[in-house]
2 protein chains.
Amino acid sequence: MGESAERDNAIDKAGFEKEYPKLRTEFLNAQFDLIESKRFPVILVFAGMEGTGVIDALTNANTVLDSRHVVTFALDTPTQEESERPRMWRFWRTLPPKGEIGIYAGSWYTAPLTDRVLDKISDARFEQQLDAIKRFESMLAAEGALILKIWLHLSKDDQKKKLKKLEKSERTKWRIEESLWGGSKRYRKVKSAAEHMMRITGTDQAPWIYVNAANKYYRSLTVGKTILNAIRTHLEQARAAEVSPQATPVSIPDVNRQTPLNEMDLSLKLEREDYKKKLSHYQNRLNELVWNKKFKKRSLVLVFEGNDAAGKGGSIRRVIEFLDPRRYRVNQFAAPTDEEKAQPYLWRFWRRLPRRGHIAIFDRSWYGRVLVERVEGFCSEAAWRRAYMEINDFENEMAEAGSIVIKFWLAIDKDEQVQRFKAREETGYKRYK
Amino acid sequence: MGESAERDNAIDKAGFEKEYPKLRTEFLNAQFDLIESKRFPVILVFAGMEGTGVIDALTNANTVLDSRHVVTFALDTPTQEESERPRMWRFWRTLPPKGEIGIYAGSWYTAPLTDRVLDKISDARFEQQLDAIKRFESMLAAEGALILKIWLHLSKDDQKKKLKKLEKSERTKWRIEESLWGGSKRYRKVKSAAEHMMRITGTDQAPWIYVNAANKYYRSLTVGKTILNAIRTHLEQARAAEVSPQATPVSIPDVNRQTPLNEMDLSLKLEREDYKKKLSHYQNRLNELVWNKKFKKRSLVLVFEGNDAAGKGGSIRRVIEFLDPRRYRVNQFAAPTDEEKAQPYLWRFWRRLPRRGHIAIFDRSWYGRVLVERVEGFCSEAAWRRAYMEINDFENEMAEAGSIVIKFWLAIDKDEQVQRFKAREETGYKRYK
């Protein structure tokens, strides 16, 4: 970044005051169109060298915008509820719905960058985290979000001056006290880590915009105009792409390939007496493990998928039979609610992830995207294709947070399925299926 | 309770096993109707003497019910996010939506009862808290919820036996370790506090059901049948009350009464220069106060109501102009979402209450119920009439939790309003209003 971002960009107060009211009007109009269209969310990430006035920039943004449709987050230290779940949970829970603007001062970049600057993580680990972020943002973009990331830059000399000024005022000195990176002491280190970060995560869909923050008028106008143009362009593109995704059912070739499901021995069985003994044994064992002290640091995610009538409900009932119901929740997903529809596909599953010491059971799950939705053509091919990667990332997040993730596919053949459907019709209490 | 609940109710295993499958079928059918109707939520509170097997009862309930539409909560120690908000926030956030069942093992009764048993609060304070609970439940009932509260009882001798048994088994001894009330040591104290509690909070809409828990078969069947009958009855009543509430606009008598709004001097004004000086002074002062350490223990709730064009938006903009946007959120409420519609009226406001150290600003608020909704006839007379009490309780909860609640009514007269409407049509960036 250095060169261009450090160049002197002088705008004086008069110039600013001439342009600002126009910008404000245009901004409110663009935001109005965004709110009305409810087409996509806008996600703004603010970061920068210490002393660049990230907070001033935010304050500015919030007075320019209609603040009723903007939420600003400063996610630095996770709360207890957040720290008991995967790293990205706190960001998922705050994602703005379509039509709204979410501004992140503390964002998914804060922890990796700070950890790298303070040498808490290696370069390799840093890159790994950045890769995960890149995929996260690419998912958001594929879901339609407009993502802009603003890096506010300062030369070393300018930073020194700014920090001194901030320290002097009673009203701003807390910013120095809250410093994560120790002010200008680590200037080079921050600069090089940030450059690396932007190189890896700066994409067409989620670009980094470097802004020289030495002159506050220049900073405000540049940031404002950039965001405004991006919203305008995105609105036009969304309107142009109005044609609904060609959601045609996918015909899956019925080749008799060797797949795990084809090769499965469906004749395997357990005798009733043996089953009863073993069931009771393992139910007890599971109950003991859940009460084990070590489980307080883990959580358990169980996914049940399979053919209709394969016995998902019955299996789940046996799993929970002796468990303390305060520790688990069984989740099933009907049609998404308004709030879920205004968010990326995986959002409804993220909100059901268990805290430490707890169990989440999913009777059908996020795999619906690549099963029923794919087969029935409920989503576009692009959507289910990218879901494979997104699901891997999602489950990876859980595993990294110490969740034990176990997925069951319950298989039966066609004849068995027909028989069970018939049996259900006859049994009273199963009619609700 | 004593007498009746302690009477011997012998049901043996054989009797239980004969009745249980039938009960289960009926239960699933009733729950299916509930889910399909989406008419009301079912709220079950379980409490009882230590050793009564509240957890077994829950486990039972969960295997009888379709667990995908049941969530069980054990809310004892609040999490950090919960403890930074009003006492009832954690219950509001877990309320089951219409069609679902919420089971509370740790409920709104846990803290008051335990505090009373351990002499942490006086009888007077206990009663005050019970009164608040009673009003909370009456609100839930008025919103349509079915509320049942089960008190599992044991005689002193039975309790001693049970506790001894629980202590012996590796699998259950944690229950003794988790004991809040110290087992049978405080038997009399618990019994008398619980009796008092049930006397005050047992109502027709939210009755307490005393069940002798000495015999587990009797306990399970009684609890099961009681809940089943209640759901069936409630479903029928809801169906009978199908006729939509007569929502006719209310004509408010236009008598020239002396009211604060009528008596307001609308000619008061501030000169521009004076205004600018004072505005800047108070904005700075507000900013300082928000950064004051003491504010970390408080939160601020600002409500703006008033005539259209009275200047709510402008006032809010001036309040937030110099505030750190990470500390506040401006809330506005359009049509409720699906998820909000499936909950009591105040739910959407509860979910926006700020954590400690934060500010929530409401551009229009819960007063909509007694303003626009009342005037336009969007809700029944019964609904807005009870809203006055509910709002008082709601704001009281906030104040008790240390929130500073300030409400502004911005008033203009008719002529001024007309003029402002005209001016707006001409100004570009205000068109979105």
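Residues numbered from 1 in each chain as written. Chains lettered and ligands numbered in written order. Predicted model: local features only at pLDDT ≥ 70, side-chain atom pairs only at ≥ 80, totals over all residues. Heavy atoms only, no water.

**Some thoughts on the overall build of chain A**
What counts is decided by this rule: To qualify as a helix, a DSSP run of H or I must reach at least 4 residues; to qualify as a strand, a run of E must reach at least 2; elements of each kind are numbered from the N terminus. Burial classification: accessible surface area is computed with a 1.4 Å probe over protein chains only, and a residue below 20% of its type maximum counts as buried, one above 50% as exposed, and the rest as partly exposed. Any two residues having at least one pair of non-hydrogen atoms within 4.5 Å are treated as being in contact. Note on areas: Shrake-Rupley with a 1.4 Å probe; residue coverage comes only from the protein chains shown. For the purpose of counting charges, residues Lys and Arg are taken to be positive, whereas Asp and Glu are taken to be negative. His and the chain ends are not included. Every charge is mapped onto a representative atom, which is NZ of Lys, CZ of Arg, CG of Asp or CD of Glu.
Looking only at helices and strands, chain A features 18 helices and nine strands. Considered along the principal axes of its C-alpha atoms, chain A spans approximately 85 × 50 × 40 Å. By residue count, 50% of the 433 residues in chain A fall in the buried class. Once local pairs closer than 6 in sequence are excluded, the contacts in chain A between residues at least 24 apart make up 81%. When the accessible surface of chain A is totalled, it reaches about 22200 Å², and 50% of it is carbon and sulfur. Mean positive and mean negative side-chain charge positions of chain A (77 and 62 charges, respectively) differ by 4 Å.

**Concerning a positive patch on the surface**
All names here are of chain A. Counted only if it meets this: Candidates for patches are residues over 30% relative accessible area with no salt bridge; among them, like charges are joined within 9 Å and nonpolar side chains (Val, Leu, Ile, Met, Phe, Trp, Tyr) within 5 Å. Within this document, salt bridges are pairs made up of a side-chain nitrogen of Lys or Arg and a carboxyl oxygen of Asp or Glu, the two lying within 4 Å of each other.
A contiguous patch of positive charge on the surface is contributed by Lys156, Lys160, Lys164, Lys168 and Arg188. A per-element tally of the positive patch places helix H8 (residues 156-168) first, with four residues. When you line up the elements, Lys156 lands in helix H8. Overall, Lys156 belongs to the partly exposed group, its relative accessible area being 36%.

**Some details on the sheet that holds strand E4 (residues 146-153) of chain B**
All names here are of chain B. This is how the line gets drawn: When DSSP finds at least two bridges between two strands, those strands are taken to pair. Orientation is described by axes fitted as lines to C-alpha atoms, over the contacting stretch for helices, and by angles from 0 to 180 degrees between their N-to-C directions.
Reading across the sheet, the five strands line up as E2-E3-E1-E4-E5 and stay open at both edges, with parallel pairing between neighbours. Only two strands of the sheet have a single neighbouring strand rather than two, namely strand E2 (70-74) and strand E5 (208-212). Here the average twist between neighbouring strands, direction ignored, is 20°.

**Some points on the interface of chain B and chain A**
What counts, and what does not: Using a 1.4 Å probe, buried area is obtained as the accessible area two parts lose upon being combined, added over both of them. Contacts described as polar in this section are N or O atom pairs within 3.5 Å, which, within protein, must combine one atom able to donate a hydrogen with one able to accept it, while residues neighboring in sequence count only if both atoms come from side chains.
The interface is formed by 53 residues belonging to chain B together with 54 residues belonging to chain A. Regarding the contact of chain B and chain A, the summed buried area is about 5400 Å², with carbon and sulfur atoms giving 53% of it. Where chain B touches chain A, the interface holds six salt bridges. One salt bridge in this structure joins Arg68(A) and Asp363(B), with 2.9 Å as the shortest N-O distance. Counting every contact that joins chain B to chain A gives 14 residue pairs in polar contact (both at pLDDT 80 or more). At the level of secondary structure, the elements contributing two or more residues to the side of chain B that touches chain A comprise helix H2 (13-37), helix H3 (54-64), E2, helix H4 (80-83), helix H12 (272-291), helix H13 (312-320), strand E7 (328-332) and helix H14 (338-341) of chain B. With six residues, the top contributor of residues to the side of chain B that touches chain A is H2(B).

**A short note on the packing of aromatic side chains**
Pairs of aromatic rings are described using the distance from one ring centre to the other and the angle between the two planes. We apply this condition: To pair, rings of Phe, Tyr and Trp, with the six-membered ring standing in for Trp, must have centres within 6.5 Å; the planes then decide the type, stacked if under 30 degrees apart, edge-to-face if over 60, and tilted in the middle. Only when the NZ of Lys or the CZ of Arg is both within 6 Å of the ring centre and within 35 degrees of the ring normal is a charge said to sit over the ring.
In the structure shown here, the tally under the stated rule is 40 aromatic pairs over all chains. Considering the side-chain rings of Phe333(B) and Phe362(B), the 6.1 Å spacing of their centres and the 10° angle between planes classify their relative orientation as stacked. Of this pair, Phe333(B) sits in the loop between E7 and H14 while Phe362(B) sits in strand E8 (residues 359-363), placing them 29 residues apart in sequence. The cationic tip of Arg374(A) hangs over the ring face of Trp384(A); the distance from NZ or CZ to the ring centre is 3.9 Å. In this arrangement the basic side chain of Arg85(B) is found over the ring face of Trp89(B), its NZ or CZ atom lying 4.2 Å from the centre.

**What about the relation of the copies chain B and chain A?**
Where we set the bar: In superposing the copies, a least-squares fit is computed on C-alpha atoms, taking residues whose pLDDT is at least 70 in both.
Here chain B sits on chain A after a turn of 180° about the axis and a move of 0.0 Å along it, with an RMSD of 0.0 Å. Seen this way, the second copy is the image of the first under a two-fold rotation axis.

**Quick notes on helix H8 (residues 156-168) of chain B**
All names here are of chain B. Note the following rule: Here a helix's expected span is defined as the number of its residues, less one, multiplied by 1.5 Å. As used here, the arc is the angular range of directions from the helix axis to the C-beta atoms.
With 13 residues, H8 ought to run about 18 Å at 1.5 Å a step, and its terminal C-alpha atoms sit 19 Å apart, in line with that. For H8, every residue scored as buried is listed here: Gln159, Leu163 and Leu166. Seen end-on, H8 carries its buried residues on one side only, within an arc spanning 65°. The outward face of H8, more than 90 degrees from its buried face, is lined by the exposed residues Asp157, Lys161, Lys164, Lys165 and Lys168. Residues of H8 that are buried make contact with helix H9 (173-177) and helix H10 (187-201).

**Focus on the pattern of salt bridges**
Enumeration according to the criterion identifies 62 salt bridges over all chains in this entry. Put simply, Glu84(A) and Arg355(A) hold a salt bridge, and the shortest N to O gap is 3.0 Å. Of this pair, Glu84(A) sits in the loop between helix H4 (80-83) and helix H5 (89-92) while Arg355(A) sits in the loop between helix H15 (347-350) and strand E8 (359-363); the two residues are 271 residues apart in sequence, bridging distant segments of the chain. Given the relative accessible area of 16%, Glu84(A) is considered buried. Glu339(A) is the partner of Arg351(B) in a salt bridge, and the nearest nitrogen-oxygen pair spans 2.9 Å.

**Concerning the sheet that holds strand E1 (residues 42-48) of chain A**
Residues and elements named next belong to chain A. Across the sheet, which stays open at both edges, the five strands sit in the order E2-E3-E1-E4-E5 with parallel pairing between neighbours. Edge positions in the open sheet fall to strand E2 (70-74) and strand E5 (208-212), since each of these has one partner strand only. Sheet twist, expressed as the mean angle between neighbouring strand axes with direction ignored, is 20°. As paired strands, E1 and strand E4 (residues 146-153) are joined by seven bridges and run parallel to one another. Opposite Ala47, over in E4, you have Trp151 as the bridge partner. With respect to the sheet, helix H10 (residues 187-201) is in contact with E4 and E5, its orientation differing from that of E4 by roughly 160°.

**Digging into the environment of Ala387(B)**
Residue and element names in this part refer to chain B. Tracing the chain through its elements places Ala387 in helix H17 (residues 381-400). Considered as a pair, Ala387 and Leu346 are 41 residues apart in the sequence and their alpha carbons are 9.1 Å apart. Every residue in contact with Ala387, bar those within four places of it in the chain, is listed here: Arg369 and Val370.

**Focus on the nonpolar core**
Put simply, the test is: Here, the term nonpolar core denotes a set of buried Ala, Val, Leu, Ile, Met, Phe, Trp, Tyr and Cys residues that are joined through side-chain atoms within 4.5 Å.
Of all hydrophobic cores here, the largest spans 96 residues; its most connected members are Phe46(B), Trp108(B), Trp151(B) and Trp366(B). The element that contributes the greatest number of residues to this core is helix H11 (residues 216-240) of chain B, accounting for ten residues. Apart from the residues lying within four places of it in its own chain, the contact partners of Trp366(B) are Val301(B), Val303(B), Tyr345(B), Leu346(B), Phe349(B), Ile391(B), Phe394(B), Glu395(B) and Met398(B). Ranked by size, the runner-up nonpolar core spans 94 residues in total, among them Phe40(A), Val54(A), Tyr217(A) and Trp350(A).

**A short note on the pairing of strand E3 (residues 101-106) of chain A**
Residues and elements named next belong to chain A. E3 sits mainly inside the fold: six of its six residues count as buried. Judged from the five bridges that link them, E2 and E3 form a sheet pairing that is parallel. Its bridge partner being in E3, Val70 is matched across the sheet by Ile101.

Distances and angles like these do not, on their own, reveal function.
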